[in-house]
Amino acid sequence: MPKDVNIGLIGYAFMGKAHSHAFKDVALFFPEMRLRPVMKAICGRDETAVKAAAKRYGWESYETDAAKLIRRGDIDVVDISSPGWAHKSQVIAAARAGKHIICEKPIANSLKDAREMAAAVNKAGVKSFVMFNYRRVPAVAFARELIRSGELGEIFHMRACYLQDWITDPQFPLVWRLDRKLAGSGALGDIGSHIIDLARFLVGDIAEVCGMTKTFIKERPLPAGASAGLAKGGATKTARGKVTVDDAAAWLARFENGALGTFEATRFATGRKNYNSFEIYGSKGSLLFNFEEMNKLQFLSRKDGPATEGFREIVVTEGAHPYIKAWWPPGHIIGYEHTFVNAIYDFLEALSRGKNAAPDINDGVRVQEVLEAVERSAAKRSWVRIKDV
Ligand code: SOE
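Residues numbered from 1 in each chain as written. Predicted model: local features only at pLDDT ≥ 70, side-chain atom pairs only at ≥ 80, totals over all residues. Heavy atoms only, no water.

Enquirer: Where do I start with the site of the ligand in this structure?
Expert: The environment of the ligand is made up of 12 residues, and the closest members are K105, Y134, Q164, D190 and H194. Between the ligand and Y134, the relevant distance is 2.6 Å, taken from an oxygen atom to a side-chain nitrogen or oxygen of the residue. A distance of 2.5 Å separates an oxygen atom of the ligand from a polar atom in the side chain of D190. Examining the composition of the shell around the ligand, we find that 3 residues originate from one element, helix α8 (residues 187-202), more than from any other. (Near = heavy atom within 4 Å. Polar contact = N/O pair within 3.5 Å; in protein donor to acceptor, adjacent residues only side chain to side chain. Helix = DSSP H or I, 4+ residues; strand = E, 2+ residues; numbered from the N terminus.)

In structure tokens, the structure reads:
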């Protein structure tokens with residue numbers, strides 16, 4: 001018989017919705033799971049909005065104070081899907097209250113905060129999980145299986161870029177993601193963190209980086225009224241404010257295993273919406289992936305020999321592919337929201353065995369170290385070793 005585990009979620013916007021959907025659907029698609037999430041309470045500061053979200057997403061109750069939600073005796077897992085500035089106090093409070101933790105990425109707005117958070121979690125001995133959801137794309141998980149089984153041989157190169165274009169319009173308002181105090185950094189932390197996590201997942205740890213960052217639009221109109229992260233919303237006609245984060249970042253990297261990496265994260269790639277992609281080249285084969293075609297993986301194997309060698313397009317929807325057995329018959333593709341369901345499944349299965357699913361809070365710190373190193377490197381215009389940050 002599966003056991004119940006009570007969930008409290010902080011945040012009801014984009015990520016709050018994605019996580020709610022995952023909790024709602026996970027047991028339907030993974031019926032064998034040993035822990036079943038009970039959607040106990042959702043939390044947000046705007047009572048009208050959080051009450052409506054609770055009803056719409058299927059939560060039993062709501063809170064308007066995160067500290068109260070964390071203290072509630074009927075909550076086992078606190079899922080922190082709030083903006084970056086709120087993570088630190090919420091993660092530390094949850095750890096001290098003995099709650100297991102799911103935290104959105106990047107875990108913190110600074111490396112110092114990330115380290116304090118990890119120390120609190122490690123001291124409390126609670127389980128932790130960071131929502132780097134792209135690891136849970138079947139094609140990405142399959143890419144890792146191919147690499148792990150030696151199909152690519154020695155890895156020479158990883159080229160990764162995460163390209164978006166949602167703020168190219170200079171009239172796009174100064175939303176919280178463009179404020180360093182609230183978001184920590186810009187494209188670098190928000191989407192660069194995903195490709196750093198994927199680099200660690202697929203190739204290994206990064207040893208040093210040489211980076212550059214750029215803010216193309218330095219001032220923007222202030223938002224008119226409440227404005228959500230990616231939604232353009234309204235902008236005021238006259239009041240303007242300073243953009244205090246990067247619009248784009250790019251960096252070279254040397255991996256500890258000797259591979260070379262090139263990385264780009266930008267919100268100024270006009271025409272690119274959510275182009276999270278990588279190319280990995282090894283001595284025996286290569287892989288290409290692009291999230292905008294997330295059900296496909298391109299694979300080249302040198303075993304084919306020169307006459308027939310070429311990239312084959314694998315539609316990653318067979319039972320033989322990671323996570324797919326839980327979903328639909330072959331060829332019936334899955335989407336963005338399913339990556340969160342797969343992730344929540346992995347988290348709960350690990351929790352049921354008293355383990356952390358990867359990436360945990362300490363992996364979150366490793367990513368934060370690379371973010372910090374890229375920023376320092378860009379400021380100093382020189383290479384920075386991860387062990388020096
Ligand atoms: C905004 O850039 C955003 O929603 C990120 O915050 C997510 O992590 C990314 O997956 C999609 O874009």
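Enquirer: What is the right way to look at the packing of aromatic side chains in this model?
Expert: Any aromatic ring pair is given by two values, namely how distant the centres are and how the planes are angled relative to each other. According to the stated counting rule, one finds 18 aromatic pairs in the structure shown. Aromatic pair F29 and W328: ring centres 5.2 Å apart, planes at 85°, arrangement edge-to-face. Note that F29 is positioned in helix α1 (residues 14-29) and W328 in the loop between β16 (312-315) and α9 (336-352), a separation of 299 residues in sequence. On the basis of relative accessibility, which here comes to 14%, the residue F29 falls in the buried class. (Phe/Tyr/Trp six-rings, centres within 6.5 Å; stacked < 30°, edge-to-face > 60°. Buried < 20%, exposed > 50% of the residue type's maximum accessible area, 1.4 Å probe, protein only.)

Enquirer: Quick question: what am I supposed to make of the pairing of strand β1 (residues 3-10) here?
Expert: Taken residue by residue, a regular strand's side chains alternate between the two faces of the sheet. In terms of burial, β1 is a largely internal element, 6 of the 8 residues being buried. Here 8 bridges tie β1 to strand β2 (residues 35-43), and the two strands are oriented parallel to one another. Bridged to D4 within β2 is R36. For the segment spanning β1, α1 and β2, crossover handedness is right-handed. Here 4 bridges tie β1 to strand β4 (residues 77-80), and the two strands are oriented parallel to one another. Within β4, the position partnered with I7 by the bridge is V77. (Pairing = 2+ DSSP bridges. Right-handed = clockwise from strand over helix to strand, strands pointing away.)

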